[in-house]
Amino acid sequence: SASSSGSLRKKNEGAPGDIIAEVDSSGMKLFVTEDLRNKSLQELAQKDIMGETPILEETVDVVEDCLRRFDAHLQSTKRKPAFDKALFLSPRYVKDRNFRLMFLRADKFDVAKSVKRFVAHFESKQDLFVTSSEKLPLLGRDITWDDLTEEDREAYWDGAFQVFNSDKSGRGIVCNIFSLHTPDKRSDQSRLRVAWYVYMCALRDDVESQKRGFIMMAYTLDTSPADLYRIAVMQAQSKFMDVLPVRFAALHCCFDNSGLLSTLMTVLNSVVDQSMILRFRSHVGSHLECQYSLASYGIQGISILPNGELDKESLRRRHHALIEREKTQIEMQRMRDGDQIACPGHLDVLSGKGHRVVSYPGNVILGKYIKNNLEMYRTSNDKIRKTTISSQIVREIQQTGGRFLKRSDDGMMWCEVMDDEISREKVSMGFRNASRQKPNKEKGNNNSSSSPKTTKAKTVKKKASTKKRRGSGAMALSSSSSQPKK
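Quick caveat, the model's predicted, so the values are computed rather than measured. (Residues numbered from 1 in each chain as written. Predicted model: local features only at pLDDT ≥ 70, side-chain atom pairs only at ≥ 80, totals over all residues. Heavy atoms only, no water.)

A. Geometry of the layout of surface pockets. Of the pockets and cavities examined, the largest pocket occupies roughly 1600 Å³. Lining the largest pocket are 42 residues, with R92, R141, D142, I330 and Q333 sitting closest to its centre. Listed by contribution, the elements that provide at least two residues to the lining of the largest pocket are α4 (91-94), α5 (97-106), α8 (188-205), α9 (207-212), α15 (312-337) and β8 (340-341). The leading source of residues in the lining of the largest pocket is α15, at 9 residues. Looking at the lining of the largest pocket residue by residue, the classes come out as 13 nonpolar, 11 polar and 18 charged. (1 Å grid on protein atoms, 1.4 Å probe; cavity = no way out; pocket = protein on both sides within 12 Å on 5 of 7 lines; lining within 4 Å. Points joined across faces, edges and corners; volume = space filled by probe spheres on them. Helix = DSSP H or I, 4+ residues; strand = E, 2+ residues; numbered from the N terminus. Nonpolar A, V, L, I, M, F, W, Y, C, P; charged D, E, K, R; others polar.)

Right, here's the structure in full:
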């Protein structure tokens, strides 16, 4: 029959901070520190599990002070390359008050931990989604359904990652159904992108769960020990829980074989915070028995039928609601932005100077246009002809979906350059710069074609020849000056 673990039982004594072996009511061996055996901590953990812990009061003064210190700590952080790219693309996105609040709530307003998670978030996002230069703009905005690849979408419909509405206390439930993973068909990266998308959609829309904490559930029924270990290790190595702005109030694991408990905990003990061990509850039995056991904690709505099959209709309804909400949010944001653009597309050409502008995908495309038409532009003595060439390039970029953008007045967003004359002048400036640089490049190429040894030998020979000429000249001058005047 299904069983739900109670509080941890003391097995042996130890000094504070020592690692102590504990056994829960289902017989699973856990490892916790002596500090966590404190009765008050166990009572607090039980309240967290049941959703009875009061929400931290977020007064205006406290929130604003934490946001101010968050920004100061972030600016003092030296290495954050992915964040810097996101900041260049969309200052409004990375500085959004509600976005940063998610990270502060995830670490209970510990500013240092929140900033560390915030920086790691963009690094992980870059590793997962920016697989080519065309994907660079994804750093500056939320991931949407349209950003997922075909393989990602197939992994989504596998149903391994789900988020349910809430438990009885109103907290969102993040579920990982191990039996629905298909590692032989979907890559690890694809499944992690789906997990990112599903979880971040739930986090953005559920402020109540940001404050109270989410419920994590690992549903491992119908999973072999080998597959369980492989999937658990893959997700542990991704360090997802260290980069997503989420705090878990409880962890529930469902098993049909109690022998799998130690396999999963071998991984969890190495990645889960020690305080989460007290918030762990296990459920052992059939699908129906585990779901009854979960219901005693207010957890319902899992898209797994009592026979173990995926409830595709439930998943389809949930997906439809998610897509409609996503479309509504995007449209409302566009209406609020008006003519301004939060984040440029990969075909857009950006105004400005510096490496980030020059290396931007749209600007690289413009550079190719200029390179391909440079000879024709340079050999044309007619100013009107040169203007025509530049104008044609502007039209071709616009016809392929590109826009010429410049920073908004406040520097937080982008604006489209509506005057084609200004866009044409940018192209003409590119031609002029390329024309000036070409001779230097040719000279550099000629020099580079010679080997270092040959170049060095020529330099030495030249110096010797110069020295010889100077010496012979000095001797001639000396001999002529030593002769007596007639």
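B. Summary view of the nonpolar core. In terms of nonpolar packing, the biggest core is built from 100 residues, with F122, W196, Y197 and Y199 touching the most fellow members. A per-element tally of this core places α8 first, with 11 residues. Excluding residues that lie within four positions of it along the chain, W196 makes contacts with H121, S124, K125, L128, F129, I143, F240, V243 and L244. In terms of nonpolar packing, the next biggest core, distinct from the first, is built from 14 residues, L366, I370, I397 and A434 among them. (Core = buried A, V, L, I, M, F, W, Y, C linked by side-chain atoms within 4.5 Å. Buried < 20%, exposed > 50% of the residue type's maximum accessible area, 1.4 Å probe, protein only. Contact = heavy atoms within 4.5 Å.)

C. Quick peek at the pattern of salt bridges. All told, the structure shown has 24 salt bridges when counted by the stated rule. For D337, the salt bridge goes to R92, with nearest N and O atoms at 2.5 Å. Of this pair, D337 sits in helix α15 while R92 sits in helix α4, and the two are 245 residues apart along the sequence. Under the relative-accessibility criterion, D337 is labelled buried at 13%. Overall, R92 belongs to the partly exposed group, its relative accessible area being 24%. Among the salt bridges present, the one from D147 reaches R141, with a minimum N-O distance of 2.8 Å. Taken together, the shared-partner salt bridges connect E421, R424, E425 and R432 into one network. (Salt bridge = Lys/Arg side-chain N within 4 Å of Asp/Glu carboxyl O.)

D. How the structure looks around the side chain of S209. Within the element layout of this structure, S209 appears in helix α9. One polar contact links the side chain of S209 to the main-chain amide nitrogen of G172, over a distance of 2.6 Å. Engagement of the side chain of S209 in a polar contact is seen with the side chain of D206, the distance being 2.6 Å. Discounting residues that sit within four places of it in the chain, S209 has contacts with G170, R171, G172 and F214. (Polar contact = N/O pair within 3.5 Å; in protein donor to acceptor, adjacent residues only side chain to side chain.)

E. How the structure looks around the sheet that holds strand β7 (residues 280-284). Overall, mixed pairing links the 5 strands, which are arranged β3-β4-β5-β6-β7 in an open sheet. Looking at the sheet topology across the chains shown, the edges are occupied by β3 (161-164) and β7. Taken over all neighbouring pairs, the strand axes of this sheet differ in orientation by 20° on average, direction set aside. Of the strands in this sheet, β3, β4 (173-177) and β5 (214-219) touch α8, which is tilted by about 10° from β3. (Pairing = 2+ DSSP bridges. Axes fitted to C-alpha atoms, helices over the stretch in contact; angles between N-to-C directions.)

F. Quick peek at the environment of A232. Along the chain, A232 falls in helix α10 (residues 225-238). Along the chain, A232 and A218 lie 14 residues apart, while their C-alpha atoms are 9.8 Å from each other.

G. Quick look at the side chain of S380. Among the structural elements, S380 can be located in the loop between α17 (361-379) and α18 (383-399). Residue S380 is classed as buried on the basis of its relative accessible area, which comes to 11%. Among residues more than four places away in sequence, those in contact with S380 are R385 and K386.

H. Molecular detail of the packing of aromatic side chains. One pass over the full model with this rule turns up 17 aromatic pairs. Plain terms: the ring middles of Y377 and F431 are 4.2 Å apart, the flat faces sit at 5° to each other, and that makes the pair stacked. In this pair, Y377 is assigned in helix α17 and F431 in helix α19 (residues 420-449), connecting sequence segments 54 residues apart. Like F431, Y377 is buried. Ring pairing ties together the aromatic residues F70, F83, Y93, F99, F103, F118 and F122, which thus form one cluster. Above the face of the Y377 ring, K386 is positioned so that its terminal group lies 5.1 Å from the ring centre. Positioned above the aromatic ring of F88 is the side chain of R407, whose terminal nitrogen or guanidinium carbon lies 5.3 Å from the ring centre. (Phe/Tyr/Trp six-rings, centres within 6.5 Å; stacked < 30°, edge-to-face > 60°. Lys NZ or Arg CZ within 6 Å of the ring centre and 35° of its normal.)

I. Representation of the sheet that holds β8 in the model. Spatial strand order, β8-β11-β10-β9: 4 strands in an open sheet with mixed pairing. The sheet is open, and its two edges are formed by β8 and β9 (349-350), each paired on a single side. The sheet contact formed by strand β10 (residues 404-407) and strand β11 (residues 414-416) spans 3 bridges and is antiparallel. When the sheet's bridge partners are listed, R407 is paired in β11 with W414.

J. Main features of the environment of S408. Structurally, the position occupied by S408 is in the loop between β10 and β11. Sequence separation between S408 and Q340 is 68 residues; the distance between their C-alpha atoms is 7.4 Å. Those residues in contact with S408, other than ones at most four positions away along the chain, are Q340, M413, W414 and C415.

K. Layout of empty space enclosed by the protein. Inspection of every chain in the model, using the stated rule, returns 4 cavities of 30 Å³ or more. The calculated volume of the largest cavity comes to roughly 60 Å³. Elements supplying a minimum of two residues to the lining of the largest cavity: α6 (111-129) and α8. In terms of residue count, α8 provides more of the lining of the largest cavity than any other element does, 5 residues in total. Within this model, the second largest cavity holds a volume of roughly 40 Å³.

L. Layout of the packing of helix α2 (residues 60-76) against α5. Contact pair α2 / α5: the axes reach a minimum separation of 11 Å and the direction vectors enclose 90°. Judged by the inter-axis angle, α2 sits roughly perpendicular to α5. In this structure, α2 contributes V63, E64, C66, L67, F70, D71 and L74 to the contact, and α5 contributes R97, R100, L101 and L104. Per-class residue counts for the contact of α2 with α5 are 7 nonpolar, no polar and 4 charged. (Parallel < 35°, antiparallel > 145°, perpendicular 65-115°, else oblique.)

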